[in-house]
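So you can see what is in the structure, the chains are spelled out below.
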Amino acid sequence: AQTVTQSQPEMSVQEAETVTLSCTYDTSENNYYLFWYKQPPSRQMILVIRQEAYKQQNATENRFSVNFQKAAKSFSLKISDSQLGDTAMYFCAFMKPREYGNKLVFGAGTILRVKS
Amino acid sequence: GAGVSQSPSNKVTEKGKDVELRCDPISGHTALYWYRQSLGQGLEFLIYFQGNSAPDKSGLPSDRFSAERTGGSVSTLTIQRTQQEDSAVYLCASSLRDSNYGYTFGSGTRLTVV
């Protein structure tokens with residue numbers, strides 16, 4: 001079974017600075033997808049970024065980018081120019097395409113606090 | 001609808017009572033998932049529905065938990081004889097069939113068993 005590990009329960013960053021959230025996963029699969037979700041206090045899970053394992057190029061979405069190291073099974077999220085609105089719980093998630101039911105397997109999450 | 005709608009937003013119930021949590025997925029999304037988020041933990045898969053196929057119930061923690069999806073749309077998660085350890089946020093999500101682009105989540109129901 002796949003597992004996802006987020007080793008940082010909490011992180012803090014000063015507004016406008018850069019922060020990196022760590023994620024490692026364990027799988028024997030070669031074809032899969034990785035995600036970062038953001039959960040603000042409203043509880044609404046918001047997709048931040050998605051990476052396809054067969055693509056070597058790291059995904060980027062505006063201030064958010066990933067460092068995907070397939071051999072090391074590492075998938076970190078970098079947030080540049082941090083903003084107060086980035087304060088949230090961040091979840092790393094793994095998905096293996098299946099014929100029936102593409103389940104997401106989540107890590108335990110990292111609470112990020114952006115300070116002014 | 002425009003998004004995944006869950007009701008109630010918050011529910012407080014007494015130990016031993018039954019509760020029903022409702023999820024209204026995005027129109028046209030045939031896949032529907034229920035997850036449980038306990039305090040300080042990640043999201044735990046509960047159950048998956050896809051169209052008229054038999055649901056994947058492999059994540060349900062006990063026989064006190066059940067779910068149904070009527071007409072391929074609205075889903076209800078039922079917890080019978082609630083226990084304090086059932087206290088959690090229950091999140092529903094939907095997607096197009098077997099989408100590998102992730103899901104759209106609702107805002108969840110926070111269940112507190114006292």
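Within every chain, residues take consecutive numbers counted from 1 along the sequence as written. Chains carry letters from A onward and ligands carry numbers from 1 onward, assigned in written order. In keeping with the predicted nature of the model, local features appear solely for residues at pLDDT of at least 70, side-chain atom pairs appear and are counted solely at 80 or more, and the whole-chain, interface and lining totals rest on all residues. Side-chain metrics rest on all non-hydrogen atoms present in the structure, leaving aside hydrogens and water.

### Brief notes about the packing of aromatic side chains
Classification of ring pairs rests on two measures: the distance between centres of Phe, Tyr or Trp rings, Trp counted by its six-membered ring, which must be within 6.5 Å, and the angle between planes, read as stacked under 30 degrees, edge-to-face over 60 and tilted in between. For the structure shown, the criterion picks out 18 aromatic pairs over all chains. Note on Phe68 of chain A and Phe75 of chain A: the rings are 6.3 Å apart at their centroids and 80° apart in plane angle, and the pair reads as edge-to-face. Taking the centre distance of 6.2 Å and the plane angle of 70° together, the rings of Phe106 of chain A and Phe105 of chain B count as edge-to-face. Residue Phe106 of chain A is found in strand S11 (residues 104-106), and its partner Phe105 of chain B is found in strand S9 (residues 104-105); the two belong to separate chains. Each of the two residues, Phe106 of chain A as well as Phe105 of chain B, counts as buried. Every member of this aromatic cluster is reached through a ring pair, and the members are Phe35, Tyr37, Phe91 and Phe106 of chain A together with Tyr33, Tyr35, Phe45, Tyr48, Tyr103 and Phe105 of chain B. When the ring centre of Tyr101 of chain B is taken as origin, the NZ or CZ atom of Arg50 of chain A, which lies over that ring, is 3.8 Å away. Secondary structure elements follow DSSP: runs of H or I no shorter than four residues count as helices, runs of E no shorter than two count as strands, and numbering proceeds from the N terminus. We call a residue buried when its accessible area falls under 20% of the maximum for its residue type, exposed when it is over 50%, and partly exposed in between, using a 1.4 Å probe and counting protein chains only. Remark: a charge is flagged as sitting over a ring if the NZ atom of Lys or the CZ atom of Arg is within 6 Å of the ring centre and within 35 degrees of the ring normal.

### Thoughts on the interface of chain A and chain B
The contact criterion used is simple: two residues touch if any of their non-hydrogen atoms lie within 4.5 Å. With 23 residues of chain A at the interface, the matching set in chain B holds 31 residues. Buried area, as used here, totals the accessible surface that two parts lose on assembly, with accessibility defined by a 1.4 Å probe and the loss added over both. Buried surface at the junction of chain A and chain B, both sides included, amounts to about 2,100 Å², of which 48% is carbon and sulfur. By definition here, a salt bridge exists when the distance from a side-chain nitrogen of Lys or Arg to a carboxyl oxygen of Asp or Glu is within 4 Å. For the pair chain A and chain B, the interface holds 1 salt bridge. One salt bridge connects Lys103 of chain A with Asp56 of chain B, and the closest N-O pair in it is separated by 3.0 Å. Here a polar contact is taken to be a pair of N or O atoms separated by no more than 3.5 Å, where protein atoms must pair a possible hydrogen donor with a possible acceptor and residues adjacent in sequence count only if both atoms sit in side chains. Our enumeration of links across chain A and chain B arrives at 13 residue pairs in polar contact (both at pLDDT 80 or more). Every element with two or more residues in the side of chain A that touches chain B is listed here: strand S5 (33-39), strand S6 (46-52), strand S10 (88-95) and S11 of chain A. The element best represented in the side of chain A that touches chain B is S5 of chain A, accounting for 4 residues. Residue classes in the side of chain A that touches chain B are distributed as 11 nonpolar, 6 polar and 6 charged. Residue type decides the class: Asp, Glu, Lys and Arg count as charged, Ala, Val, Leu, Ile, Met, Phe, Trp, Tyr, Cys and Pro as nonpolar, and the leftover types, Gly among them, as polar.

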